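Residue-level listing of the chains:
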Amino acid sequence: MRLSISRDQILKPLQQVAGVVERKHTMPILANVLLRVQADEISFTGTDLEVELVATQKLTAEQLAETGAITIPCRKLLDICKSLPVGANIELSVDEQKLIIKSGRSRFSLATLPAQDFPSLEEDAGAFSLNISQRNLKRLIEKTGFAMAQQDVRYYLTGMLFEVSNNQLRTVTTDGHRMALFDAAAEAEASDKVQVIVPRKGVQELQRLLSDDDSTLHLTFGNNHLQVTLPIHSGKKKDDESTIEGSVSFTSKLIDGKFPDYQRVLPRGGDKIVLLSHEDFRQALQRAAILTNEKYKGVRFTLQNNELCIQANNPEQEEAREELAIEYQGDNLEIAFNVQYLLDVLNVLEGTNTKLILSDANASILVQETDNQDAVYVVMPMRL
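Residues numbered from 1 in each chain as written. Predicted model: local features only at pLDDT ≥ 70, side-chain atom pairs only at ≥ 80, totals over all residues. Heavy atoms only, no water.

Novice: Sorry if this is basic, but what is going on with the overall build of the protein chain here?
Specialist: Counting secondary structure elements, the protein chain contains six helices and 26 strands. Dimensions along the principal axes, computed over C-alpha positions, put the protein chain at roughly 80 × 50 × 50 Å. Every one of the 384 residues in the protein chain was classed for burial, and the buried ones make up 50%. For the protein chain, the share of sequence-separated contacts (at least 6 apart) that also reach a separation of at least 24 residues comes to 67%. Working note: accessible area of the protein chain is about 19,000 Å², and carbon and sulfur atoms make up 44% of it. Looking at the protein chain, you have 41 positive and 54 negative side-chain charges, and the mean spots of the two groups are 5 Å apart. (Helix = DSSP H or I, 4+ residues; strand = E, 2+ residues; numbered from the N terminus. Buried < 20%, exposed > 50% of the residue type's maximum accessible area, 1.4 Å probe, protein only. Contact = heavy atoms within 4.5 Å. Areas by Shrake-Rupley, 256 points an atom, 1.4 Å probe, with all protein chains shown as cover. Lys, Arg positive; Asp, Glu negative; His and termini not counted. Charge placed at Lys NZ, Arg CZ, Asp CG, Glu CD.)

Here it is as structure tokens:
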């Protein structure tokens, strides 16, 4: 294998796959990336056996001298490329199982492992597929990702539910204390409602790859995997549009489990509706959170006609009290929540005003934007 390539051409695809490569692993080869050079492209593959990323970059005929494949330490190669000057030219070659990197008067030699030993996720026949814009898919993940469980014996809660029905993609996450739900338009081939659970690592890597443009992505869901290919755009503009110079193929295993019936968790029949300023509410909670118990993070709400009182205290007998003007006509109510759960919701909500729907001190609260029903958030109360 031998080729000449610019630093920027090799750096972009390498950065795309580096996030999935484990620094320390029981299998040394998983700390490597698979470098494959073909007639018209160079590709880098990284995997942790749960998520696989393949970033491909186009080559010109002048760049290629000899095809081949080898695996090399990902972080070392990435650090070397980052440290070279912008626009530098790099020559790569393999000599006696070492990757030789030359650029100007710099020379590096990296240990390699055979390409045939590099693991790959098995092929999975597509069960159904859908088309969705990058912007919508990114919003789906951003609006619900925070509510995934970090660690839980109920392993299916450590991922994100993708539910497809009636040309709509819905993402749902819950950790047992709060739940997030968001809907977006999609073109789906599935006639019946279909559900799959994408693990946390897969969700995070996919979110990192997505951009805010309206280009259409084709997602394929197999029995065990989710697959999607995203274009890599050049930074150069041509006719007011960036040109596509490569792609990233994303594959994630799916969680084998059944997501809980989230419809049963949605509060029904709440008769206490509160309308208040989103930003005033968020800032008041941030201030109150300063004096909450560090372990439980509890704040107490007292609702009465057109006023919300937020109180927090801690074991040092310190206290915070915030009063907000609201739109509320109803019976007085006292209820407590984990302030961080509410702040997580408010940090992803948009719009000027927020709507809270409650029923009693023991029932969950429903949080929504006043003018958008696509997003629904549920937070369970707590006892103080």
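Still more ground to cover, so stick around.
Novice: Is there a simple way to explain the nonpolar core in this structure?
Specialist: Within soluble globular proteins, side chains that are nonpolar generally end up buried alongside one another. Judged by nonpolar contacts, the single largest core of 101 residues is most densely connected at Leu 137, Phe 281, Leu 285, Phe 301 and Ile 310. Considering every element that reaches this core, the biggest residue donor is helix α6 (residues 339–346), with six residues. Non-local contacts of Phe 281, meaning those with residues more than four positions away in its chain, are made with Leu 276, Phe 301, Leu 308, Ile 310, Leu 324, Leu 346 and Leu 356. The next biggest cluster of nonpolar side chains, apart from the first, holds 15 residues, and it includes Leu 157, Ile 197, Tyr 262 and Val 378. (Core = buried A, V, L, I, M, F, W, Y, C linked by side-chain atoms within 4.5 Å.)

Novice: Which parts of the structure should I look at to understand the sheet that holds strand β8 (residues 98–103)?
Specialist: The strands that make up a sheet are held in pairs by hydrogen bonds between backbone atoms, and each pair lies either parallel or antiparallel. Taken in spatial order, the five strands of this open sheet run β5-β1-β7-β8-β9, and their pairing is antiparallel. The open sheet has two free edges, formed respectively by β5 (64–66) and β9 (106–111), since each of these has just one partner strand. The average undirected angle you get between the axes of adjacent strands in this sheet is 20 degrees. Two elements, strand β1 (residues 2–6) and β5, share two bridges in a ladder whose sense is antiparallel. (Pairing = 2+ DSSP bridges. Axes fitted to C-alpha atoms, helices over the stretch in contact; angles between N-to-C directions.)

Novice: What is the right way to read the packing of helix α1 (residues 7–18) against helix α2 (residues 74–83) from this model?
Specialist: Helix-helix packing is described using two parameters, namely the angle between the two axes and the distance between the axes. Between α1 and α2, the shortest axis-to-axis distance is 10 Å and the interhelical angle comes to 140 degrees. Along this stretch, α1 crosses α2, giving a crossing that reads as left-handed. In this structure, α1 contributes Arg 7, Ile 10, Leu 11, Leu 14, Gln 15 and Ala 18 to the contact, and α2 contributes Cys 74, Arg 75, Leu 77, Leu 78, Cys 81 and Lys 82. Tallied by class, residues from the contact of α1 with α2 come to eight nonpolar, one polar and three charged. (Left-handed = near helix turned anticlockwise from the far one by under 90°. Nonpolar A, V, L, I, M, F, W, Y, C, P; charged D, E, K, R; others polar.)

Novice: What should I look at first to understand the sheet that holds strand β23 (residues 333–338) in this one?
Specialist: As summarised here, the arrangement of the four strands in space is β22-β21-β20-β23, forming an open sheet in which the pairing is antiparallel. Looking along the sheet, the strands with just one partner apiece sit at the ends: β22 (319–325) and β23. Strand after strand, the sheet turns through a mean of 20 degrees between neighbouring axes, direction not considered. Summarising the sheet, strand β20 (residues 298–304) and strand β21 (residues 307–313) pair through five bridges and their orientation is antiparallel. Following the sheet pairing, Thr 302 is matched in β21 by Cys 309.

Novice: Would you take a moment to explain the packing of aromatic side chains for this structure?
Specialist: The way to describe two aromatic rings as a pair is by their centre distance and the angle between their planes. This model, assessed by the stated rule, comprises six aromatic pairs. An aromatic cluster of three or more residues is present, and its members are Phe 128, Phe 162 and Phe 221. (Phe/Tyr/Trp six-rings, centres within 6.5 Å; stacked < 30°, edge-to-face > 60°.)

Novice: Would you take a moment to explain the pattern of salt bridges for this structure?
Specialist: When the charged atoms of two side chains with opposite charge come close together, those side chains can pair. This structure, assessed with the given rule, holds 19 salt bridges. We note a salt bridge from Arg 139 to Glu 350, for which the minimum N-O separation is 3.2 Å. Of the two residues, Arg 139 is situated in helix α3 (residues 134–144) and Glu 350 in the loop between α6 and β24 (353–358); the sequence distance between them amounts to 211 residues. Judged by relative accessible area, which is 24%, Arg 139 ranks as partly exposed. Salt-bridge contacts for Arg 170 lead to Glu 163; the nearest nitrogen and oxygen are separated by 4.0 Å. The same class applies to Arg 170 as to Glu 163, namely buried. Within the structure, one salt-bridge network assembled from shared partners comprises Glu 22, Asp 48 and Lys 201. (Salt bridge = Lys/Arg side-chain N within 4 Å of Asp/Glu carboxyl O.)

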